[in-house]
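Architecture at a glance
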Amino acid sequence: MAPPPGQTRLPDWDGLKLRVRTLIATHRVMIFSKSYCPYCNKVKELFNSLHVEYYALELDVTDDGASIQQVLVELTNQRTVPNVFVNGTHVGGCDATYQAYQDGSLQKLLGDNQIPEPYEYDLIIIGGGSGGLACSKEAAALGKKVMVLDYVVPTPLGTSWGLGGTCVNVGCIPKKLMHQAALLGQALQDSRKYGWQYEEQVKHNWETMVEAIQNYIGSLNWGYRVSLREKSVTYLNSYGEFVEPHKIKATNRKGQVTYHTAETFVLATGERPRYLGIPGDKEFCITSDDLFSLPYCPGKTLVVGASYVALECAGFMAGLGLDVTVMVRSILLRGFDQEMAERVGAYMETHGVKFIRKFVPVQVEQLEEGMPGRLKVTAKSTEGPEIIEEEYNTVLIAVGRDACTRNIGLQTIGVKINEKNGKVPVNDEEQTNVPYVYAIGDILDGKLELTPVAIQAGRLLAQRLYGGSSRKCDYINVPTTVFTPLEYGSCGYPEEKAIEEYGQQNLEVYHTLFWPLEWTVPGRDNNTCYAKIICNKQDNNRVIGLHVLGPNAGEVTQGFAAAIKCGLTKELLDETIGIHPTCAEVFTTMNITKASGQDITQKGC
């Protein structure tokens, strides 16, 4: 019967109390929740990860929800949600529930009365790259029993490698060494202007270079294994896959399977190159995973993509004397400062690298087998119906990388990933939605894909887990360098992002072209090296972005990165005395703003 007009029906408090008690008594896990509450969702994820069913009453969408919450206040003296009960016992809110999980009292309340078997390891790390190795050694040094699993799934062409991950085997290390090989070629040309005389025809031997680089990488692989052994870290060259909470299956190359348990897991599986998904890509093309150990000179090469991997590889191959073309779908170096990216591309074009813009391959056919053989590439314009065809000896695909997370059983234990890119969302302590699983390195969603970042994150994670530390990895103002023929170093905001974040009216951009003294005698490439800083006028002209295009850009950028961490301002730069003659000194003498429109070309050193 409805209440008389103008009157409100009073809650049936006795009925509500009975309803609440009945819900608590009839469900193994009862969660009084609100559908929009992140803490409620976190508690639900905990029970999901434990494969424990629960019943959740969403008070914000339930009739009498506010009254039920008042009943809970009287019953538990807790006003907030989630309000969790296990087998009739009040556990509390989000923090209390997680604390109960950590100290084992939650498991006892759930009825797991038998004494659980102790875990085999304190920590198992899946992935033996830079981040995983750093985390494992730090945890072992803190007295923990640690296992590392590392397994390289061979490329479609059968390439695989040893312990150490992408950076050591198919990334930073061989890339920088091949970049150096190309720079030596340029130095040989310059040397004649400095008085060096030689009669012998200079040419490059690809096989000799690859053998020397692979020998060095092999020594690093061995060193990592020795280091793990010295730290008493168990290493398995096996593929790890979760089969249930706290338990993985490890499968080695022979198909032999073992099972291992741990209290805590760290995902450090890294990424692998993405293919195009067109006819012939996996059958006839290579990626950076294959290039650095390629046993023959690649010859005339098409590089597909405009990532830093694409431009670095194209750059050093051209520097070694190869005929190189880069096919670009849209922009160069997505995510980097676009003015700098275009200057990188312009320098490469003037030094022999050809660019085909606004085209994508649609088919790769093999015309002739061999080492390297001959391939025909058919490509289509992104802006119209135009089709082009061209022959190459090698096609290198460098269009991006995918996280290695989809086939390691994460769905079995409830770890969430970003379905679009396979990356793992984590909190500011690298913890996934499943409390005992953490992630570091290139697989983190929205974080930088850089080796030093993974190493720092891995060490700090181990120190927080086992050393009583509270230090977190700082993902802000991380310096990086693209090792194209003219190196590009940066720290902080790209100009476009700075404008988006702060507004153009609040920024001042100082810039200059410069001519390295070493290049003056050979008389080459004046007014191609470029530097700029982006300053926030509303914060004492603090430097929020630093960019340099020139030789040894990485060495230049590293020192300024420390200064930016310390709050570098334009005034402090102006007060700094430069070292003459160096490239880095241009940052201490910049006085022309972009807004002024003044000429920045240089006439001498």
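Residues numbered from 1 in each chain as written. Predicted model: local features only at pLDDT ≥ 70, side-chain atom pairs only at ≥ 80, totals over all residues. Heavy atoms only, no water.

This is how the line gets drawn: UniProt positions are given in the numbering used here, feature names are shortened, and annotations may be inferred rather than shown by experiment.
Under an unreviewed UniProt entry, the protein chain has the name thioredoxin-disulfide reductase (NADPH) and belongs to Zosterops borbonicus. The UniProt entry for the protein chain carries this comment under Function (unreviewed entry): "Has a glutathione-disulfide oxidoreductase activity in the presence of NADPH and glutathione reductase. Reduces low molecular weight disulfides and proteins." Note on the protein chain: under the UniProt heading Sequence similarities (unreviewed entry), the record states "Belongs to the class-I pyridine nucleotide-disulfide oxidoreductase family."

**Some points on the packing of aromatic side chains**
Put simply, the rule is: The aromatic pairing rule takes the rings of Phe, Tyr and Trp, using the six-membered ring of Trp, and pairs them if the centres are within 6.5 Å, calling planes under 30 degrees apart stacked, those over 60 edge-to-face and the rest tilted. Put simply, DSSP H or I for four residues or longer makes a helix, DSSP E for two residues or longer makes a strand, and each gets a number counted from the N terminus. Only protein chains enter the accessibility calculation, which uses a 1.4 Å probe. A residue is then buried if its area is under 20% of the maximum for its type, exposed if over 50%, and partly exposed in between. Any Lys NZ or Arg CZ that is within 6 Å of a ring centre and within 35 degrees of that ring's normal is treated as a charge sitting over the ring.
One pass over the structure, following the stated rule, counts 9 aromatic pairs. Relative to F85, the ring of F32 lies with its centre 5.9 Å away and its plane at 85 degrees, an arrangement referred to as edge-to-face. Remark: F85 occurs in strand 3 (residues 83-86) and F32 occurs in strand 1 (residues 29-33); sequence separation between them is 53 residues. Side by side, F32 and F85 carry an identical accessibility label, which is buried. The interplanar angle of 65 degrees and the centroid separation of 5.9 Å between the aromatic rings of F336 and Y488 together place this pair among those described as edge-to-face. In this pair, F336 is assigned in the loop between strand 14 (324-328) and helix 13 (338-350) and Y488 in strand 23 (residues 488-492), connecting sequence segments 152 residues apart. For Y488, a relative accessible area of 1% puts it in the buried group. Site record: aromatic cluster; members linked through ring pairs are F242, F265 and Y436. The ring of Y530 carries the charged tip of R343 above its face, separated from the ring centre by 3.9 Å.

**Concerning the nonpolar core**
Burial of nonpolar side chains together is a common tendency in soluble globular proteins. Which entries qualify depends on this criterion: Take the buried Ala, Val, Leu, Ile, Met, Phe, Trp, Tyr and Cys residues and link them wherever side-chain atoms come within 4.5 Å; each set so joined is a nonpolar core. Residues count as neighbours in contact if any of their non-hydrogen atoms are within 4.5 Å of one another.
Residues L291, F316, M317, I533 and F587 are the most contacted members of the largest nonpolar core, which totals 75 residues. Here this core gets 8 residues from one element, more than from any other, and that element is helix 12 (residues 308-319). Excluding its chain neighbours within four sequence positions, the residues that come into contact with I533 are E508, V509, Y510, V543, G545, L546, K570, L573, F587 and M590. Residues V29, V52, V91 and A250 belong to the second largest nonpolar core, which totals 63 residues.

**Quick notes on empty space enclosed by the protein**
Cut-off, in case you're wondering: Definitions used throughout: a 1 Å grid over protein atoms alone; a cavity as a set of points that fits a 1.4 Å probe which cannot get out; a pocket as an open set with protein on both sides within 12 Å along at least five of seven lines; a lining residue as one with an atom within 4 Å of a point. Grid points are joined across faces, edges and corners, and a volume is the space filled by probe spheres set on the points. Three categories are distinguished: nonpolar for Ala, Val, Leu, Ile, Met, Phe, Trp, Tyr, Cys and Pro, charged for Asp, Glu, Lys and Arg, and polar for the others, with Gly belonging to the last.
For the structure shown, the criterion picks out 1 cavity of 30 Å³ or more. One number sums up the size of the largest cavity: a volume of about 30 Å³. Every residue along the wall of the largest cavity is listed here: M327, I356, V377, A379, I388, E389, E390 and Y392. Listing elements by their share of the lining of the largest cavity, those giving two or more residues are strand 17 (374-381) and strand 18 (387-392). No other element matches strand 18, which puts 4 residues into the lining of the largest cavity. Here the lining of the largest cavity is composed, by residue class, of 6 nonpolar, no polar and 2 charged.

**A word on the pairing of strand 18**
Looking along a regular strand, one sees the side chains alternate between the two faces of the sheet. The test is simple: DSSP-based pairing: two strands are paired if at least 2 bridges between them are found.
Two elements, strand 17 and strand 18, share 6 bridges in a ladder whose sense is antiparallel. Along strand 18, the bridge assignment pairs T378 with E389. Remark: 5 residues form the turn of the hairpin made by strand 17 and strand 18, two consecutive strands paired antiparallel.

**A look at the sheet that holds strand 23**
Definition in use: Fitted lines through C-alpha atoms serve as axes, helices being fitted only where they are in contact, and the angles separating the N-to-C directions of these axes extend from 0 to 180 degrees.
The strand order across the open sheet built from 5 strands is 22-23-26-25-24, with neighbouring strands paired in antiparallel fashion. Each end of this open sheet is capped by a strand with a single partner; those strands are strand 22 (480-482) and strand 24 (507-514). On average, each strand axis in the sheet is inclined to that of its neighbour by 15 degrees, with strand direction left out of account. Two elements, strand 25 (residues 529-536) and strand 26 (residues 542-549), share 7 bridges in a ladder whose sense is antiparallel. By the bridge assignment, N536 is partnered in strand 26 with R542. Of the strands in this sheet, strand 22, strand 23 and strand 26 touch helix 18 (residues 553-565), which is tilted by about 10 degrees from strand 23.

**A closer look at the UniProt feature "binding site: NAD(+)" (unreviewed entry) in the protein chain**
Per the UniProt record, the feature "binding site: NAD(+)" (unreviewed entry) sits at G305, A306, S307, Y308, V309, A310, L311, E312 and G400. Look at the named residues: they lie 96 residues apart in sequence, but the longest C-alpha span between them is just 13.4 Å, so in the fold they bunch up. Among the secondary structure elements, Y308 is positioned in helix 12. When residues no more than four places from it in sequence are discounted, the contact partners of Y308 are L333, E449 and V482. When near neighbours in sequence (up to four residues on either side) are disregarded, G400 contacts P273 and R274.

**Topic: a nonpolar patch on the surface**
Filter applied, for reference: Residues enter patches when they are more than 30% accessible in relative terms and free of salt bridges; like-charged ones are connected within 9 Å and nonpolar ones (Val, Leu, Ile, Met, Phe, Trp, Tyr) within 5 Å. With residues, only the protein chains shown are counted as cover, and all accessible areas are computed by Shrake-Rupley using a 1.4 Å probe. By definition, a salt bridge exists where a carboxyl oxygen of Asp or Glu is found within 4 Å of a side-chain nitrogen of Lys or Arg.
Together, Y194, W196 and V521 give the surface a local cluster of nonpolar side chains, amounting to about 360 Å² of exposed area. Along the chain, W196 falls in the loop between helix 8 (172-193) and helix 9 (206-230).

**So, the pattern of salt bridges**
Applying the stated criterion to the full structure yields 29 salt bridges. Close ionic contact of R524 with D190 constitutes a salt bridge, the shortest N to O distance being 2.9 Å. Highlighted residues: R524 in the loop between helix 17 (517-520) and strand 25 and D190 in helix 8, separated in sequence by 334 residues. Given the relative accessible area of 15%, R524 is considered buried. A salt bridge links K594 to E495, with the shortest nitrogen-to-oxygen separation between them at 2.8 Å. Taken as a pair, K594 in the segment after helix 19 (570-575) and E495 in helix 16 (residues 495-502) lie far apart in primary sequence, 99 residues in all.

**Some words on the sheet that holds strand 16 (residues 359-368)**
Strand pairing in a sheet relies on backbone hydrogen bonds. The paired strands run either parallel or antiparallel. Read across the sheet, 3 strands follow the order 16-17-18 without closing on themselves; strand pairing throughout is antiparallel. Of all the strands in the sheet, just strand 16 and strand 18 have a single pairing partner and so form its edges. Adjacent strand axes in the sheet meet at a mean angle of 20 degrees, parallel and antiparallel pairs treated alike. Summarising the sheet, strand 16 and strand 17 pair through 8 bridges and their orientation is antiparallel.

**Section: the pairing of strand 25**
Most of strand 25 is tucked away: 8 of the 8 residues are buried. Of the two faces of strand 25, the one holding C529, A531, I533 and C535 and the one holding Y530, K532, I534 and N536 are both buried throughout. Relative to strand 25, strand 24 runs antiparallel, the two sharing 8 bridges. Looking across to strand 25, one finds that L513 is bridged to Y530. The hairpin formed by strand 25 and strand 26 contains 5 residues between the paired strands, and N540 there has a positive phi angle of roughly 60 degrees.

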